[in-house]
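# Chains, contacts and geometry: an overview
One-letter residues, chain by chain:
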Amino acid sequence: DAGITQSPRHKVTETGTPVTLRCHQTENHRYMYWYRQDPGHGLRLIHYSYGVKDTDKGEVSDGYSVSRSKTEDFLLTLESATSSQTSVYFCAISTAQETQYFGPGTRLLVL
Amino acid sequence: EDQVTQSPEALRLQEGESSSLNCSYTVSGLRGLFWYRQDPGKGPEFLFTLYSAGEEKEKERLKATLTKKESFLHITAPKPEDSATYLCAVRHDYKLSFGAGTTVTVRA
C-alpha cells in the first residue's frame, strides 16, 4: 500500500462544467501521475509531475490541466468537461525504485 | 513511439489449466517491463519488474519472463482467485506505456 487516496471516488457532472480530481499521497514521493483508462485503450498518461510546481504533459493531455502546490497533492482539472472525458481516472506515484503504484481510481461520468 | 501489444484479449481457463499471456513491445532504451494485476473496480496492483532478456520472476502461481521483444506471464495451475485483468507496461524515461490488458477468467 503506497498510501494513495483519490477523491471523489465517483462523480457525475454535466458537459461544460469544471471538474477537479484530487490525488493525495502520504509518503513524499517525488513523481506523481494521472492516467485515464478506457475499454480497448488501456491506461494512458495525461500529465505527470516531478516535483512541486513541476509538471509535464503525457500522451492525452488536451482538455486537462494539473497543479502541484504541495508534495502530497496532485490535482487534475477538466476546465470544461466533455462526454469524451467520461472515464476512470487513476493517480500513481513512483518510488525510488521507479515502480509505479496506483490509487483506487475515480469514476467520472459526463452527461 | 513506444508500443505495447498484449494477447490474447481474453482467456478463459478451467481451474488447474496452465496457460501463458503474451506482451510484445517496441521501445527504444527499455528501462523495465512491468506486470500488473487489476481486479474490477480497483487500481492496478504491481506484480513484477523485468529489466533484461533472460530474466525471470515468480510469485505464487505466476512467472514472468523477458526476451528482447516480448514478455510472457505464465499462470501455473490457476485458481478462481487468479481471475483478473493482467496489464503489461514498458518504461521509457519516467513514464510507462501500457498494453490494453488480458482478462483472465478461471472457472472452478
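Okay, so let's go over this structure. (Residues numbered from 1 in each chain as written. Chains lettered and ligands numbered in written order. Predicted model: local features only at pLDDT ≥ 70, side-chain atom pairs only at ≥ 80, totals over all residues. Heavy atoms only, no water.)

### Considerations on the state of the cysteines
Residue and element names in this part refer to chain A. Applying the stated criterion to the full structure yields two disulfides over all chains. With its sulfur 1.8 Å from that of its partner, Cys23 forms a disulfide with Cys91. Linking Cys23 and Cys91, the disulfide has an S-S dihedral of approximately -70 degrees and is accordingly described as left-handed. Here Cys91 lies in strand S9 (residues 87-94) and Cys23 lies in strand S3 (residues 19-25), a separation of 68 residues in the sequence. The pair Cys23 / Cys91 is uniform in exposure class, with both members buried. (Disulfide = S-S within 2.5 Å. Helix = DSSP H or I, 4+ residues; strand = E, 2+ residues; numbered from the N terminus. Buried < 20%, exposed > 50% of the residue type's maximum accessible area, 1.4 Å probe, protein only.)

### Concerning the pairing of strand S7 (residues 62-66) of chain B
Residues and elements named next belong to chain B. Among the five residues in S7, four count as buried, and that is most of the element. By the bridge criterion, four bridges tie strand S6 (residues 56-59) to S7 in an arrangement that is antiparallel. Across the sheet, residue Lys59 finds its bridge partner in S7, namely Leu62. Hairpin connection between S6 and S7: a loop of two residues separates the two successive antiparallel strands, and Glu60 in this loop has a positive phi of roughly 55 degrees. (Pairing = 2+ DSSP bridges.)

### Some thoughts on the pairing of strand S3 (residues 19-26) of chain B
Pairing of strand S1 (residues 3-7) of chain B with S3(B), which is carried by five bridges, proceeds in the antiparallel orientation. Pairing of B:Gln3 across the sheet is with B:Thr26, part of S3(B).

### Side note on the packing of aromatic side chains
One pass over the full model with this rule turns up 13 aromatic pairs over all chains. Relative to A:Tyr33, the ring of A:Tyr31 has its centre 6.3 Å away and its plane inclined at 20 degrees; by these criteria the two rings are stacked. Judged by its relative accessible area of 0%, A:Tyr33 is buried. Here B:Tyr36 and B:Phe46 contribute two aromatic rings whose centre-to-centre distance is 5.9 Å and whose plane-to-plane angle is 70 degrees, an arrangement assigned as edge-to-face. Note that B:Tyr36 is positioned in strand S4 (residues 33-38) and B:Phe46 in strand S5 (residues 45-50), a separation of 10 residues in sequence. With a relative accessible area of 0%, B:Tyr36 lands in the buried category. (Phe/Tyr/Trp six-rings, centres within 6.5 Å; stacked < 30°, edge-to-face > 60°.)

### Observations regarding the interface of chain B and chain A
Taken together, the contact between chain B and chain A spans 19 residues of the former and 20 residues of the latter. Between chain B and chain A, roughly 1500 Å² of surface is buried when both sides are summed, and carbon and sulfur atoms account for 54% of that area. Broken down residue by residue, the surface that chain B buries against chain A is led by B:Tyr94, B:Lys95 and B:Phe98, which jointly contribute 34%. Where chain B meets chain A, there are two salt bridges. The residue A:Glu98 makes a salt bridge to B:Arg91 at a minimum N-O spacing of 2.4 Å. Summed over the shared surface of chain B and chain A, the result is three residue pairs in polar contact (both at pLDDT 80 or more). Looking at the side of chain B that touches chain A, the elements that each hand over two or more residues are S4, S5, strand S9 (84-92) and strand S10 (95-98) of chain B. Among the residues making up the side of chain B that touches chain A, the classes are represented as 10 nonpolar, five polar and four charged. (Contact = heavy atoms within 4.5 Å. Buried area = accessible area lost by both parts, 1.4 Å probe. Salt bridge = Lys/Arg side-chain N within 4 Å of Asp/Glu carboxyl O. Polar contact = N/O pair within 3.5 Å; in protein donor to acceptor, adjacent residues only side chain to side chain. Nonpolar A, V, L, I, M, F, W, Y, C, P; charged D, E, K, R; others polar.)

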